[in-house]
Amino acid sequence: MTAELDKLAVLRLILEEAFGDGALSAKEQQMIMSVTRLLQIEPAAHQKIFIETESRYKQGEIKKEGELSPETLYRRVVQLARQDGAITTEENLLLDQLCDFLELTPEERATAEAP
């Protein structure tokens, strides 16, 4: 996966975080479907990434504890966007959409974006 943040990278990251504890809670499932709609991801692309992520989880490549929180998700997406050293205009727009969707307060966003 490239370090560039795009809508499929966001979906992949959400799925990795959600699968990490071994079960998709109803809240996580709702968040996944809502983000898929928000980012206008085609069902075939969603299904492909879901199957790939589930397979990686079953092979032991994905591990985490606890349920996915909006703040944790946003922080991970910001980290992904910064991997190539800069946040592009397109990435920033995607971050804005995600922040609005997750209903983060300005303080929560600032905390998540802190280096």
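Numbers given to residues run from 1 along each chain, matching the order in which its sequence is written. Predicted model: local features are reported for residues with pLDDT of at least 70 only, side-chain atom pairs are reported and counted for 80 or more only, and whole-chain, interface and lining totals are derived from all residues. Where side-chain values are given, they derive from all heavy atoms of the structure, hydrogens and water being excluded.

Caption draft 1: The arrangement of the overall build of the protein in detail. Numbering of helices and strands runs from the N terminus; a helix is a DSSP stretch of H or I covering at least four residues, while a strand is a stretch of E covering at least two. Summing up its helical and strand segments, the protein has six helices and zero strands in all. Along the protein, helices and strands appear, N-terminal first, in the series α-α-α-α-α-α. Throughout, the radius of gyration refers to the C-alpha atoms, and the reference size of a globule is 2.2 Å times the residue count to the power 0.38. Expected size for 115 residues packed as a compact globule is a radius of gyration near 13 Å; at 14 Å, the protein falls within 12% of this value. Note on exposure labels: buried denotes an accessible area under 20% of the residue type's maximum, exposed denotes more than 50%, and partly exposed covers the range between, all computed with a 1.4 Å probe on protein chains only. The buried share of the protein, reckoned over its 115 residues, is 37%. Residue contacts are defined here by distance: any two heavy atoms, one from each residue, within 4.5 Å place the two residues in contact. Within the protein, contacts between residues at least 6 apart in sequence are counted, and of these 77% link residues at least 24 apart. Only the protein chains shown count as cover for residues, and the accessible areas themselves come from Shrake-Rupley with a 1.4 Å probe. In the form shown here, the protein has an accessible surface area of approximately 6700 Å², with 51% of it arising from carbon and sulfur atoms. In the protein, which carries 13 positive and 22 negative side-chain charges, the distance between the mean positions of the two groups comes to 5 Å. In this count, Lys and Arg are taken as positive residues and Asp and Glu as negative ones, while His and the chain termini are left out. To locate a charge, the coordinates of NZ of Lys, CZ of Arg, CG of Asp or CD of Glu are taken.

Caption draft 2: Local environment of the pattern of salt bridges. For salt bridges, the criterion is a side-chain nitrogen of Lys or Arg within 4 Å of an Asp or Glu carboxyl oxygen. Following the criterion strictly, the structure yields eight salt bridges and no others. Its salt-bridge partner being Lys 58, residue Glu 54 comes within 3.9 Å of it at the nearest N-O pair. Of this pair, Glu 54 and Lys 58 both sit in helix H3 (residues 43-58), four residues apart, which is roughly one turn of the helix. The exposure class of Glu 54 is partly exposed, given its relative accessible area of 26%.

Caption draft 3: View of the packing of helix H4 (residues 70-82) against helix H6 (residues 106-113). An axis is simply a line fitted to the C-alpha atoms; with a helix, the fit covers only the stretch in contact. Between two such axes, the angle follows the N-to-C directions and lies from 0 to 180 degrees. For the pair H4 and H6, interaxial distance at closest approach is 9 Å and the crossing angle is 45°. One way to sum up the angle between H4 and H6 is to call them oblique. Where H4 crosses over H6, the two elements pack in a sense that is right-handed. Seen from H4, the contacting residues are Glu 71, Tyr 74, Arg 75, Val 78 and Arg 82; seen from H6, they are Glu 108, Arg 109, Ala 112 and Glu 113. Of the residues belonging to the contact of H4 with H6, the class tally is three nonpolar, no polar and six charged. Reported orientations rely on four angle classes, namely roughly parallel under 35 degrees, roughly antiparallel over 145, roughly perpendicular from 65 to 115, and oblique for the rest. By convention, the crossing between two helices is left-handed when the near helix turns anticlockwise from the far helix through less than a right angle, and right-handed when the turn is clockwise. Put simply, Ala, Val, Leu, Ile, Met, Phe, Trp, Tyr, Cys and Pro go in the nonpolar bin, Asp, Glu, Lys and Arg in the charged bin, and everything else, Gly too, in the polar bin.

Caption draft 4: Focus on the packing of aromatic side chains. Two aromatic rings, drawn from Phe, Tyr or Trp (for Trp, its six-membered ring), form a pair once their centres lie within 6.5 Å of each other, and the interplanar angle then sorts them: stacked below 30 degrees, edge-to-face above 60, tilted otherwise. Summed over all chains, the structure comprises two aromatic pairs. An aromatic cluster is built from Phe 19, Phe 50 and Tyr 57, whose rings are joined through pairwise contacts.

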